[in-house]
Amino acid sequence: MAQMIERIMTIDQTALRGQLFRPFSADHRQLLSALPSRAVQDARRALEGHLSSEERIRLIADLEPLLARLEKNADHWLNELDPRVLFYSNRLREGAEATVEGNYLIGAAGINRFAWILGVGAKGTRQDVEALSRYFALCGQWMAVSSVLAAASTKDHDLPTGFRSNEWREQVKRIMPTEIRTAWACELICKSFATAVASSDRFAALRHVTTDSVRSLFEWLRMAKLAMDYQGSYNALSGRIVTPESTPSILSGVSTKSGSLSGEPFAALVFNPAIESGPIIEFGDEYLPIALRDAFTSLDLAFFGMARKTFMGREATKLRSDLFELTVRETVRQVAGDRFTVPSGEVLCTDPGSPGNEGETDFFFYDSQGFAYIGECKAMVAPTKAKTVLNAFKDQLAIAVDQVSMRQSRVQSGHDVTVSGVAISGLASSSVRGIVTPLHSYAAAILDRTCLAEIFPKEADLSRVSVIPLHQLTLLMAGIVTGRDLNEYFTFRAGLLERGVQIIDEMDTFISYIYAGPNTNYIVSQVPMDSPPFLAQYSMEVEAIYNSDRPVSPEAWVETLKKQCRSS
């Protein structure tokens, strides 16, 4: 049992406190030589979490000017490099691997974001490997220095961890993957988006988004990956997809034009959220998915970005909201299969004593045993500035939690749930749970006790209402067999949250639940209240991430998670 607890949680937080990227490692050791000699020892101790306040202040004073010089030098290479060099994936790889700093970048974050920066921010003519190696070396140095500065930071040190860490968690998420996301879940959500568009003429401006065009788009992405892996060049790709004809319109809607951000400095581009809505680079009539990881696993976010650009203004708020709700409902229906019933008609949690407040529910599902779930969709928006994410979290989700809690209380009080005016019979009303589904995780604020206290009533039972983003809800539901299983997971999840366990990703929690087996209650009881641990963080093997095949069953998905995910 002790070994199981150790596998799931890291009780000793010393090496993790304040980390931006990862605990001290051989990779960091290789890059300490890039720092001023007088700062090397303090930098190492900062990464290990052992600096005094005075030492932190001195180290920050040494490194902040270095970071500024690195950013200025990166600007120089953005002026020198030609963005079309991105079509030669072999040169990118050779340039990134040419230096210790570049190899550190590959291991720490990958070149996804930094290649995208070249596509949107470069404006020069050079396409040689030497220029690329200089650029990627600077990016690696920037990563290392930023990591040390984050570890040494004293900013908001008196605040709870959730508030103190939210800004840098959002920054990290914009550079490297901090959540498990998969191609199959992304494609499923995008197809559900297309189904929602087809359901009403109100979305006619997006009629080019069809399930067939989504399928062709992902086939094109798979071609791109093959070209990168085996041909060393994207030039073998056709920029356009032959069938169906509407696909180029989709590509344009989820792309950023080459050079469109060339006036922005590297320091702004590195955290620019535009990669979310445009991970593909547009070169005239050619399109390049250089941010391949984002295109494969986060294109669902780009689809909603396309919707925001299509339906603009306050008057279109209801239209965007309805599109998001329909997409969530269809996604849940698809991933739940025949294990749950997901009504397609209007679902109301009625209360005859509250006329004018019919309790319309965004999505609802239940199983054959009567376990039921009321869903509320909120915030089909994209965070802009990393430092304002927490404010958006509070503003956008508090209302959703109140709404789903109210409807939940109605059902638990014995009032009916109706679909198109007909009451659903056989529901286990006393155990109905609520789910709030936003588009984003708000830099893990949805998994932090102190942050959740901002949107939940005081002393709320966190097992009654769970806040889970759409992509993570899709991955979770793929592994759930019955409503009883889902309730047990929500209870385990709430127990960890209420005890203050530091959690980065929903799938970290679900994988820990899988390993806990029948011992979930005991494991929660062993969490020290005075020094809550970090939950084990899991990453998925690359081929499993890019696998486009949906799991054939919950059992198969659970086995995939156990075989293909490794804790850091």
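Given the structure is predicted, the values throughout are model-derived calculations rather than measurements.

Student: I'd like to hear about the sheet that holds strand β6 (residues 360-361), residue by residue, with values.
Tutor: Remark on secondary structure: sheet strands pair via backbone hydrogen bonds, oriented parallel or antiparallel. A sheet is described by the order of its strands in space; here 4 strands give the open sequence β6-β5-β9-β10, paired in antiparallel fashion. A strand with exactly one partner marks an edge of an open sheet, and here the two such strands are β6 and β10 (422-423). Bridge count for strand β9 (residues 417-419) against β10 is 2 bridges, and the pairing is antiparallel. The residue of β10 that forms the bridge with Thr 418 is Ala 423. Packing of helix α18 (residues 389-412) onto the sheet brings it into contact with β5 (347-349), β6 and β9, and relative to β5 it is tilted by some 75 degrees.

Student: So what's going on with the packing of helix α22 (residues 506-516) against helix α25 (residues 554-564)? Which residues, and what values?
Tutor: The interhelical angle for the contact between α22 and α25, taken along N-to-C directions, is 100 degrees, at an axis separation of 11 Å. Relative to α25, the element α22 lies roughly perpendicular. Contacts from Met 507, Phe 510, Ile 511, Ile 514 and Tyr 515 in α22 reach Trp 557, Val 558, Leu 561 and Lys 562 in α25. Taken together, the residues of the contact of α22 with α25 sort by class into 8 nonpolar, no polar and 1 charged.

Student: Tell me what's going on with the sheet that holds strand β3 (residues 280-283), and back it up with residues and numbers.
Tutor: Spatial ordering of the open sheet is given by β2-β3-β4, a layout of 3 strands whose pairing is mixed. Every interior strand has two partners, whereas the edge strands, β2 (255-257) and β4 (286-288), have only one. Ignoring strand direction, the axes of neighbouring strands in this sheet form an average angle of 35 degrees. Relative to β4, β3 runs antiparallel, the two being bridged by 3 bridges. By the bridge assignment for β4, Glu 282 is matched with Tyr 287.

Student: Summarise empty space enclosed by the protein; cite the residues concerned and give the values.
Tutor: Inspection of every chain in the model, using the stated rule, returns 2 cavities of 30 Å³ or more. Forming the boundary of the second largest cavity are Glu 179, Ser 441, Ile 446, Leu 447, Pro 469, Gln 472, Ile 504, Asp 505 and Glu 506. Here the residues of the lining of the second largest cavity are counted per class, giving 4 nonpolar, 2 polar and 3 charged.

Student: Can you break down the pairing of β3 residue by residue, with the values?
Tutor: The side-chain alternation of β3 yields two buried faces, one formed by Ile 280 and Glu 282 and the other by Ile 281 and Phe 283. Bridge count for β2 against β3 is 3 bridges, and the pairing is parallel. Opposite Thr 256, over in β3, you have Ile 281 as the bridge partner. Counted between consecutive antiparallel strands, the loop separating β3 from β4 contains 2 residues, among which Gly 284 sits at a positive phi close to 65 degrees.

Student: Now, about the nonpolar core: what can you tell me, with residues and values included?
Tutor: Core analysis: the biggest nonpolar cluster contains 126 residues, and Leu 299, Phe 303, Phe 365 and Phe 393 have the highest contact counts within it. Here this core gets 11 residues from one element, more than from any other, and that element is helix α10 (residues 183-198). Residues in contact with Leu 299, not counting those within four places in the same chain, are Cys 186, Cys 190, Leu 217, Phe 218, Leu 221, Val 254, Pro 279 and Asp 294. Within the second largest apolar cluster, 59 residues are counted, among which are Trp 77, Trp 142, Val 172 and Ile 290.

Calculation notes
- Residues numbered from 1 in each chain as written.
- Predicted model: local features only at pLDDT ≥ 70, side-chain atom pairs only at ≥ 80, totals over all residues.
- Heavy atoms only, no water.
- Pairing = 2+ DSSP bridges.
- Helix = DSSP H or I, 4+ residues; strand = E, 2+ residues; numbered from the N terminus.
- Contact = heavy atoms within 4.5 Å.
- Axes fitted to C-alpha atoms, helices over the stretch in contact; angles between N-to-C directions.
- Parallel < 35°, antiparallel > 145°, perpendicular 65-115°, else oblique.
- Nonpolar A, V, L, I, M, F, W, Y, C, P; charged D, E, K, R; others polar.
- 1 Å grid on protein atoms, 1.4 Å probe; cavity = no way out; pocket = protein on both sides within 12 Å on 5 of 7 lines; lining within 4 Å.
- Points joined across faces, edges and corners; volume = space filled by probe spheres on them.
- Buried < 20%, exposed > 50% of the residue type's maximum accessible area, 1.4 Å probe, protein only.
- Core = buried A, V, L, I, M, F, W, Y, C linked by side-chain atoms within 4.5 Å.

Any link to function would need more than the numbers given here.
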